[in-house]
Amino acid sequence: MQTKHLAVCAAIALSVCAPVQAQTQPVEIQWWHSMSAALGEWVNDLAKQYNASQTKYKVVPTYKGTYDESMTGAIAAFRAGNAPHILQVFEVGTATMMASKGAIVPAAKVLNDGGFKFEPTQYVSAVAGYYTAPNGQMLSYPLNSSTTIFYYNKDAFKKAGLDADKPPKTWPEVFAAASKLKASGHSCPFTTSWISWTQLESFSLWHNTLFATKNNGFDGNDAQLQINTPLHVRHFENLAKASKEGSFVYKGRGNVPDASFPSGECAMITGSSGLYARVAKEAKFAYGISTLPYYSDVQGAPQNTAIGGASLWVMSGKKSEEYKGVADFLNFLNDTKVQAASHQRTGYLPVTMGAYQLTEASGFYTKNPGTDVAVTQMIKKATEKSRGIRLGNFVQIRSIIDEETEQIWSGKKSPKEALDTAVTRGNEQLARFARAIKKALPST
């Protein structure tokens, strides 16, 4: 009887304990991203650090290809009912995500619902403003905000007889340095990644000049491109001349050219501040970081550069407990120490002023000259013309700009012809987006 009694007790204990054990499993939060190489390691480490800090939730980061690929994949997944909880979307996808109201839950709402106090004023204004709706609600969390900066190879500068401690600040100085680098035997004096972002988008804001009407799309969906002004044409004529002489070398679209700088192949590059992580890890030469070049005869220049990188969007249709986990993770990312460490490791902007101040107080900028360039370029008060660019179908517009400017480097079109065509084709995309938005809005 005693044996039978013990067996019954054991059975009861198992039946009681089984569901309790199941409940102790952490709630999984799926996070799709587009970070590879050194930045991929950073994202994985963030997830590991968060998961180790508590046991209730588990963030699972998954690389889903380039920004274009991950966004396309997420849209398909949402339609199929299996979208991730968190999706990293690059800045040019912001207007599209804002228009997809049924697909997303505002990040500010998720944080507030999760019991975390959301203070918009703690964020760097240029960063927060880009991802904020007209009603003041932050729609996505700015994980990796970057801007365009200038990198140069100090060793190559010395070999060419250039002052390695005096980087070119204006475009005429860049082209002059490129000519000297070419004469010294350098096969790739200057290149750029993300040509639309660096040479048209940031270029426009840096010169306090509109990229598009309606204050770059912030004031309405019926914006039109303005990238064929005399200033824009002049700049691309200079790039075309440098390309013909071999002092500017086009290395491809998107971030493909990035590898050419840390490898030592190209001596100068305009690219993302987020490239710093790779440069710091891979470059076997002395390098310098400086501000984006400008034309000194343009009134109002330099102003501030354009935001880049990406933000985290929370997808709809998830369970309440899962949203609590998302909120907890976003709150973790928002920690000043976590923010500062990410900024120092990657070159991305500190999203909060607290992270910037902590980094400055630590002496990081003094020990790593130039790492504050991206911050100082962005914390300057923006104008209506320079606060950012928010356009629909921006991904397609960038592809059009790539296609048309490639016609310049191949000698098939003049800079004016290429930019005029880019405006015409880009405006067709903007009009298509405006029609789609109007059709989606409820009638009043």
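The shown structure was predicted, so the numbers you read here are calculated from the model rather than taken from an experiment.

K.L.:
Looking at this structure, I do not really get the overall build of the protein chain. What am I missing?
P.N.:
Along the backbone of the protein chain there are 19 helices and 10 strands. Since a compact globule built from 444 residues should have a radius of gyration of about 22 Å, the 24 Å found for the protein chain is in line with a globular shape. C-alpha atoms of the protein chain, sized along the principal axes, occupy 100 × 60 × 35 Å. Across the protein chain, every contact between residues at least 6 apart in sequence was considered, and the portion connecting residues at least 24 apart equals 77%. Accessible area of the protein chain: about 19,500 Å², with a carbon and sulfur share of 53%. Within the protein chain, one finds 45 positive and 35 negative side-chain charges whose respective centroids are separated by 3 Å.

K.L.:
What is the right way to look at the confidence of the model for the protein chain in this model?
P.N.:
In low-pLDDT segments, the atomic positions of the prediction should not be examined closely. Looking at the protein chain, pLDDT values average 91 and 94% of them are 70 or higher. Low pLDDT, under 50, characterises residues 1-22; the predicted model gives this stretch zero contacts beyond four residues in sequence or across chains.

K.L.:
Which parts of the structure should I look at to understand the side chain of Ser290?
P.N.:
Residue placement: Ser290 occurs in strand β9 (residues 287-290). Overall, Ser290 belongs to the buried group, its relative accessible area being 1%. When neighbours within four sequence positions are excluded, Ser290 is seen to be in contact with Ile149, Phe150, Pro167, Lys169 and Val373.

K.L.:
Honestly, helix α3 (residues 67-80) in this entry has me stumped. Any pointers?
P.N.:
The periodicity of an α-helix, 3.6 residues per turn, causes residues three or four places apart in sequence to face the same way. For α3, built from 14 residues, the straight-helix expectation of 20 Å at 1.5 Å per residue is met to within 8% by its first-to-last C-alpha distance of 20 Å. Among all positions of α3, only Tyr67, Ser70, Met71, Ala74 and Ala77 are buried. Seen end-on, α3 carries its buried residues on one side only, within an arc spanning 125°. Among the exposed residues of α3, those oriented more than 90 degrees off its buried face are Thr72, Arg79 and Ala80. Lining the buried residues of α3 we find β1 (27-33), β3 (86-90), α4 (94-99), β5 (141-146) and β10 (308-315).

K.L.:
Any chance you could explain the state of the cysteines here in plain terms?
P.N.:
Covalently bonding the sulfur atom of one cysteine to the sulfur atom of another cysteine gives a disulfide. Under the criterion given, the structure shown has one disulfide. Here Cys188 is linked by a disulfide to Cys266, with a sulfur-sulfur distance of 2.0 Å. Of note, the bridge from Cys188 to Cys266 carries an S-S torsion of about 85° and is right-handed in sense. Highlighted residues: Cys188 in the loop between α8 (171-183) and β7 (190-192) and Cys266 in the loop between α11 (230-245) and β8 (268-272), separated in sequence by 78 residues. Assessed through its relative accessible area of 0%, Cys266 is described here as buried.

K.L.:
Help me understand helix α14 (residues 336-346) in this model?
P.N.:
Taken as a whole, α14 has its buried residues at Val338, Gln339, Ala340, Ser342, His343 and Thr346. For α14, the N-terminal capping position is held by Asp335, with its side-chain oxygen 3.0 Å away from the main-chain nitrogen of Lys337. At the C-terminal side of α14, Gly347 shows a positive phi close to 95°.

K.L.:
So what exactly am I meant to see when it comes to the packing of aromatic side chains here?
P.N.:
Within the structure shown, the criterion is met by 23 aromatic pairs. Here Tyr67 and Phe90 contribute two aromatic rings whose centre-to-centre distance is 5.1 Å and whose plane-to-plane angle is 20°, an arrangement assigned as stacked. Here the residue Tyr67 occupies a position in helix α3, and Phe90 occupies one in strand β3, the gap between them amounting to 23 residues. Among the aromatic residues, those joined into a ring-pair cluster are Trp171, Phe175, Phe190, Phe236, Phe248, Tyr250 and Trp409. Cation over ring: Arg390 sits above Tyr130, and NZ or CZ is 5.8 Å from the ring centre. The ring of Phe394 carries the charged tip of Arg398 above its face, separated from the ring centre by 5.7 Å.

K.L.:
Looking at this structure, how should I read unusual backbone geometry?
P.N.:
With glycine set apart, most residues show a phi of negative sign, and most peptide bonds adopt trans. Of the consecutive residues Ala301 and Pro302, the connecting peptide bond is found in the cis state with omega at -5°. Relative to the helices and strands, Pro302 is located in the loop between β9 and β10. Even without being a glycine, Asn208 presents a positive backbone phi close to 50°. Mapping Asn208 onto the fold places it in the loop between α9 (195-206) and α10 (213-216).

What counts and what doesn't
Per chain, the residues get numbers from 1 upward, laid out in the order the sequence is written. Given that this is a predicted model, residues contribute local features only at a pLDDT of at least 70 and side-chain atom pairs are listed and counted only at 80 or more, while totals for whole chains, interfaces and linings are drawn from all residues. To obtain the side-chain values, all non-hydrogen atoms of the structure were included, while hydrogens and water were left out. In this text, helices come from DSSP runs of H or I with a minimum length of four residues, and strands from runs of E with a minimum of two, each type numbered from the N-terminal end. Between the two quantities, the radius of gyration covers C-alpha atoms and the globule rule is 2.2 Å times the number of residues to the power 0.38. Residue contacts follow a heavy-atom distance rule, with two residues in contact if any of their heavy atoms lie within 4.5 Å. Under the convention used here, a 1.4 Å probe and the Shrake-Rupley method define accessible areas, while residue burial counts only the protein chains that appear. His is not counted, nor are the chain ends, whereas Lys and Arg count as positive and Asp and Glu as negative. Where a charge lies is defined by one atom per residue type, namely NZ (Lys), CZ (Arg), CG (Asp) and CD (Glu). Confidence scores per residue from the predictor, reported as pLDDT, run from 0 to 100. Exposure is judged per residue with a 1.4 Å probe applied to protein chains only, and the accessible area is read against the type maximum: over 50% gives exposed, under 20% gives buried, and values in between give partly exposed. To estimate the expected span of a helix, subtract one from its residue number and multiply by 1.5 Å. What the arc describes is the spread of directions from the helix axis to the C-beta atoms. Criterion for a disulfide: a pair of cysteine sulfur atoms within 2.5 Å. Whenever two N or O atoms come within 3.5 Å, that pair is a polar contact, provided that in protein one can donate a hydrogen and the other can accept it, and provided that, for residues adjacent in sequence, both atoms are side-chain atoms. Stacked, edge-to-face and tilted labels apply to pairs of Phe, Tyr and Trp rings (six-membered ring for Trp) whose centres lie within 6.5 Å, assigned for plane angles under 30 degrees, over 60, and everything in between, in that order. Both a distance and an angle decide whether a charge sits over a ring: NZ of Lys or CZ of Arg must be within 6 Å of the ring centre and within 35 degrees of the ring normal.

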